[in-house]
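Structural description and commentary
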Amino acid sequence: MRYPDGGGLSERGRVKREAVRRQAAGWFAQDVPVAEVARRLRVSQTAVYGWRKRWRAEGEAGLASKGPSGSRCRLDAGRLRRLADALDEGPAAHGFGEDQRWTLARVSDLIARMFRTRYTLRGTSYLLHRIGWSVQVPSHRPVERDEEAVATWRREVWPAGKR
């Protein structure tokens, strides 16, 4: 599971999860049994045992969020903006021929040319998601599509087939 900040939970999700652990810490101090803490918070007992172990060793500070998981992005915010602008210009503006589609290989090549940084295709996919792009190819409707014929089919033929 991946999120826009590079992996793991979002900032809001990390804050929410940390609040749950801090709530558990209060119950640990009151000697509430692990099974009861897990039931109240609707989490697994295994998670609560881990939290309690960290709480006993480090106190409530041991339950604090450790920040975003995953590796740090090699492109800073300014470079990500420049990449997004370059992608908006289209592939032809960057010498990729007449086909107006960005592929992961093309974007990876563009990143290498612009920033002297190599990304794998999977890394490029994660990077595109981070800046709000999708790696899905849009489906193209045929030029000869007759919307009136489609509407007639949906209205008359399709309901007959459903019976």
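Here the structure is shown first, and the text comes after it.
Residues numbered from 1 in each chain as written. Predicted model: local features only at pLDDT ≥ 70, side-chain atom pairs only at ≥ 80, totals over all residues. Heavy atoms only, no water.

Time to look at the packing of helix H5 (residues 104-115) against helix H6 (residues 121-130). Where H5 contacts H6, the two axes come as close as 9 Å, and the packing angle between them is 85°. Judged by the angle between their axes, H5 and H6 are roughly perpendicular. Mapping the contact onto sequence places Leu104, Ala105, Val107, Ser108 and Ile111 in H5 and Leu121, Thr124, Ser125, Leu127 and Leu128 in H6. Per-class residue counts for the contact of H5 with H6 are seven nonpolar, three polar and no charged. (Axes fitted to C-alpha atoms, helices over the stretch in contact; angles between N-to-C directions. Helix = DSSP H or I, 4+ residues; strand = E, 2+ residues; numbered from the N terminus. Parallel < 35°, antiparallel > 145°, perpendicular 65-115°, else oblique. Contact = heavy atoms within 4.5 Å. Nonpolar A, V, L, I, M, F, W, Y, C, P; charged D, E, K, R; others polar.)

Okay, the packing of helix H1 (residues 11-29) against helix H3 (residues 45-58) next. It is at 10 Å that the axes of H1 and H3 come closest, and there the two elements cross at 70°. By the criterion of interaxial angle, the relationship of H1 to H3 is roughly perpendicular. Along the contact surface, H1 presents Val20, Arg21, Ala24, Ala25, Phe28 and Ala29, while H3 presents Val48, Trp51, Arg52, Arg54 and Trp55. Here the residues of the contact of H1 with H3 sort into eight nonpolar, no polar and three charged.

When you line up the elements, Ser108 lands in helix H5. Judged by relative accessible area, which is 6%, Ser108 ranks as buried. A polar side-chain atom of Ser108 sits 2.8 Å from the main-chain carbonyl oxygen of Tyr119. Once you skip the residues sitting within four places of it in the chain, Ser108 turns out to touch Tyr119, Leu121 and Thr124. (Buried < 20%, exposed > 50% of the residue type's maximum accessible area, 1.4 Å probe, protein only. Polar contact = N/O pair within 3.5 Å; in protein donor to acceptor, adjacent residues only side chain to side chain.)

Once that is clear, we can look at the pattern of salt bridges. Note that side chains of opposite charge can pair when their charged atoms are close. For the structure shown, the criterion picks out five salt bridges. The partner of Glu60 in a salt bridge is Arg22, with the nearest N and O atoms 3.0 Å apart. Residue Glu60 is located in the loop between H3 and helix H4 (77-89), and its partner Arg22 is located in helix H1; the two are separated by 38 residues in the primary sequence. With its nearest N and O atoms 3.0 Å apart, the salt bridge here joins Arg40 to Glu36. (Salt bridge = Lys/Arg side-chain N within 4 Å of Asp/Glu carboxyl O.)

Here H5 spans 16 Å end to end across 12 residues, near enough to the 16 Å set by a 1.5 Å rise per residue. Among all positions in H5, only Arg106, Val107, Ser108, Leu110, Ile111, Ala112 and Phe115 are buried. Looking at the packing, one finds that the buried side of H5 touches H4 and H6. Positive phi appears at Arg116, one or two residues downstream of H5, with a value of about 55°. (Expected span 1.5 Å × (residues − 1).)

This part covers the side chain of Arg21. With respect to the element layout, Arg21 can be found in helix H1. Buried and unpaired, Arg21 has Glu18 as its nearest opposite-charge partner, separated by 4.8 Å. Setting aside residues up to four positions removed in sequence, Arg21 forms contacts with Trp51, Arg54, Leu63, Ala64 and Ser65. (Lys, Arg positive; Asp, Glu negative; His and termini not counted.)

Going through the model one piece at a time under the given rule, you end up with two aromatic pairs. Judged by centre distance (5.5 Å) and plane angle (50°), the ring pair of Phe28 and Trp55 falls under tilted. Residue Phe28 is found in helix H1, and its partner Trp55 is found in helix H3; the two are separated by 27 residues along the sequence. Looking at Phe28, the relative accessible area reads 4%, which means it is buried. Residue class for Trp55 comes out partly exposed when judged on its relative accessible area of 22%. When the ring of Phe96 is compared with that of Trp102, the centres are 5.7 Å apart and the planes differ by 70°; the resulting orientation is edge-to-face. A cation over a ring is seen here: Arg40 above Trp27, with NZ or CZ 4.8 Å from the ring centre. (Phe/Tyr/Trp six-rings, centres within 6.5 Å; stacked < 30°, edge-to-face > 60°. Lys NZ or Arg CZ within 6 Å of the ring centre and 35° of its normal.)

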